[in-house]
Structure formats: structure tokens, C-alpha cells
Amino acid sequence: MELTSDEDFLSRANEAAAASVDNPVEAIAKSFVNDTPKISVAIKSYLSWLVARNFSGTTDKVEFFAKESPPVIEDSKDLLLCARALLNFINSFAVPEKNGACLEYEILRTLWNKFSVDQEKKFMRDENMKPSKVFGRSALVLVYPTIMAVLSDDLNASKLSVNGLEKGQVLHFFEHFGFLLSRNSDDSMLIWSEDELSKRSTLRKEMAEQRKSGS
């Protein structure tokens, strides 16, 4: 199978690192694409965490809000729709140019925009070739402030239209994810820690086995 230009770029980045070739651009690109967990996995974990909080009756205010928080989204279906809206926006987002940007940002911008579903690229037929499937926390930390700035603009209110929810509720869902993205709190670790994800996966398998043996 013939590789696309971007698949070939990722392949060369991996080969360069494996051969210890001193190429900083390819090394940085490799660090972005090899970062785990991926954004899509983290958003699923965030969704699970919010649903669990609702079931447990946890209703504490989110500390990053100086203003009064909007009504909590209690319906699990609405939370799922918000998670899908966030994924869709991330995957369609084109990272803009930025004056005085660091090298990492410029490398990420070039690479990210090749995977954005808004770009007319043949390789986008592959479901796994989307920003949320390619990148992890290190990439999202660089672009999420810009994503939130775009979403907070009143001109983009339609992008926050989710099943009749208030715009503030949806924006709060997105902002809270960004808050956890940029912090090293216990809650953040539940979403972004590879060890925690592994533990939860093991626990789910054990519970599934117990249900089978008990049936």
C-alpha cells in the first residue's frame, strides 16, 4: 500500500528516532504522535468521570470559575452529546498561525492541520487519522487555549448547540476539560494518567470475569 505524505512523515519520524538521528523537528513530531493516552481516550475518561460524579451525588462547584457556575448537566445522554461535540470540534479545528510562536507550536500546527477533518485530504478516509486519534495531552495543551477562545466567541455560538442545553452549560463542559488538562490534580490523573487507565481497564476485565463466573 502506498503511504500518504503524512503517513510517510510519521514513518520517517519513527525511523529517525530509532536510528538516533539528530533531527529535532522529526524528534518533536514523534513525541507528539507517540504521546498517550490519546485525546479521544481522555475525553471518554472525562465523560465516565462526570457520569460517575452524577451517580455519586457529587455536586461541588468547579474551583476555576470565579463566576457562578451554570446548571450541572445531569443527564448522561446530554453528557455524551457534549463529549461528541467536543471531539468533533477538536477534529475539525485548524490551528492558526501565531506571531512569535515556539518551535513546538509551529511543528504541531503543520502536523495537526494535515489531520484536521476540515482539510480535503485523501487519507482522512481512515477513522484513525484525526487529531483526537493521533495526538495526546502534550499537543492539546498547546492548542486548547485557542480552541476555547474560538468557542467563547459569540459568532461560534452554533457550535455550542447541544440538545437544547444552555450555551453556558456546554461551554462549562469544555472549559472544565481544559482545566483538568492543564492541572496535575487527582481528578486530572484519572483522565490523563496511563497508569490509572490501565488500572481501570484491568478492573473492568476482572468485573466482567466475575459476572461471567456468577452467571
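Everything numeric in this text was worked out from a predicted model, so none of it was measured.

*Asks:* Which residues make up the overall build of the chain, and what values go with them?
*Replies:* Within the chain, the regular secondary structure consists of 10 helices and 0 strands. Mapped from its N terminus to its C terminus, the chain presents α and β elements in the order α-α-α-α-α-α-α-α-α-α. Evaluated residue by residue, the chain yields a buried proportion of 41% over its 215 residues. In the chain, the proportion of contacts linking residues at least 24 apart, taken out of those at least 6 apart, comes to 66%.

*Asks:* Outline the nonpolar core, supporting the account with residue identities and numerical values.
*Replies:* Counting residues in hydrophobic clusters, the biggest one holds 52 residues, and the most contacted among them are Trp112, Phe135, Leu140, Phe174 and Phe177. At the level of elements, helix H2 (24–33), helix H3 (39–56), helix H4 (76–92), helix H5 (103–115), helix H7 (137–152), helix H8 (167–181) and helix H9 (186–192) are the ones that each hand at least two residues to this core.

*Asks:* Requested: an account of the packing of aromatic side chains, with residues and values cited.
*Replies:* All chains considered together, the criterion is met by 9 aromatic pairs. With 5.3 Å between their ring centres and 5° between their planes, Trp112 and Phe135 make a pair best called stacked. One end of the pair, Trp112, is in helix H5; the other, Phe135, is in the loop between helix H6 (131–134) and H7, and 23 residues separate them in sequence. Through pairs of rings, three or more aromatic residues link up here, namely Tyr46, Trp49, Tyr144, Phe173, Phe174, Phe177 and Trp192.

*Asks:* Quick rundown of the side chain of Ser116? Include the residues and the values.
*Replies:* Within the secondary structure, Ser116 sits in the loop between H5 and H6. A polar side-chain atom of Ser116 sits 3.4 Å from the main-chain carbonyl oxygen of Phe93.

*Asks:* Hey, could you go over the packing of H4 against H8 for me, with residue numbers and the actual values?
*Replies:* Any two packed helices are characterised by how steeply their axes cross, that is the angle between the axes, and by the distance between the axes. At their nearest, the axes of H4 and H8 sit 10 Å apart, and the two run at 65° to each other. When the axes of H4 and H8 are compared, the pair comes out roughly perpendicular. Of the two possible hands of crossing, H4 and H8 adopt the one that is right-handed. Residue-level contacts link Leu79, Cys82, Ala83, Ala85 and Leu86 of H4 to Val170, Phe173, Phe174 and Phe177 of H8. Of the residues assigned to the contact of H4 with H8, the class counts are 9 nonpolar, no polar and no charged.

*Asks:* Please give an account of H4 that cites residues and values.
*Replies:* Along its 17 residues, H4 runs 24 Å from first to last C-alpha, staying within 8% of the 24 Å computed at 1.5 Å per residue. Those residues of H4 not exposed but buried are Asp78, Leu79, Cys82, Ala83, Ala85, Leu86, Leu87, Phe89, Ile90 and Asn91. In this structure, the buried residues of H4 make contact with H3, H5, H6, H7 and H8. The N-cap residue of H4 is Asp75: its side-chain oxygen and the backbone nitrogen of Lys77 are 2.7 Å apart.

*Asks:* Mind laying out the pattern of salt bridges, listing which residues take part and the relevant values?
*Replies:* Per the stated rule, a full pass over the model turns up 1 salt bridge. Notably, a salt bridge pairs Arg109 with Glu106, separated by 3.0 Å at the nearest N-O pair. One end of the pair, Arg109, and the other, Glu106, are both in helix H5, 3 residues apart, so they sit about a helical turn from each other. Owing to a relative accessible area of 25%, Glu106 belongs among the partly exposed residues under this scheme.

Conventions and cut-offs
Residues numbered from 1 in each chain as written. Predicted model: local features only at pLDDT ≥ 70, side-chain atom pairs only at ≥ 80, totals over all residues. Heavy atoms only, no water. Helix = DSSP H or I, 4+ residues; strand = E, 2+ residues; numbered from the N terminus. Buried < 20%, exposed > 50% of the residue type's maximum accessible area, 1.4 Å probe, protein only. Contact = heavy atoms within 4.5 Å. Core = buried A, V, L, I, M, F, W, Y, C linked by side-chain atoms within 4.5 Å. Phe/Tyr/Trp six-rings, centres within 6.5 Å; stacked < 30°, edge-to-face > 60°. Polar contact = N/O pair within 3.5 Å; in protein donor to acceptor, adjacent residues only side chain to side chain. Axes fitted to C-alpha atoms, helices over the stretch in contact; angles between N-to-C directions. Parallel < 35°, antiparallel > 145°, perpendicular 65-115°, else oblique. Left-handed = near helix turned anticlockwise from the far one by under 90°. Nonpolar A, V, L, I, M, F, W, Y, C, P; charged D, E, K, R; others polar. Expected span 1.5 Å × (residues − 1). Salt bridge = Lys/Arg side-chain N within 4 Å of Asp/Glu carboxyl O.

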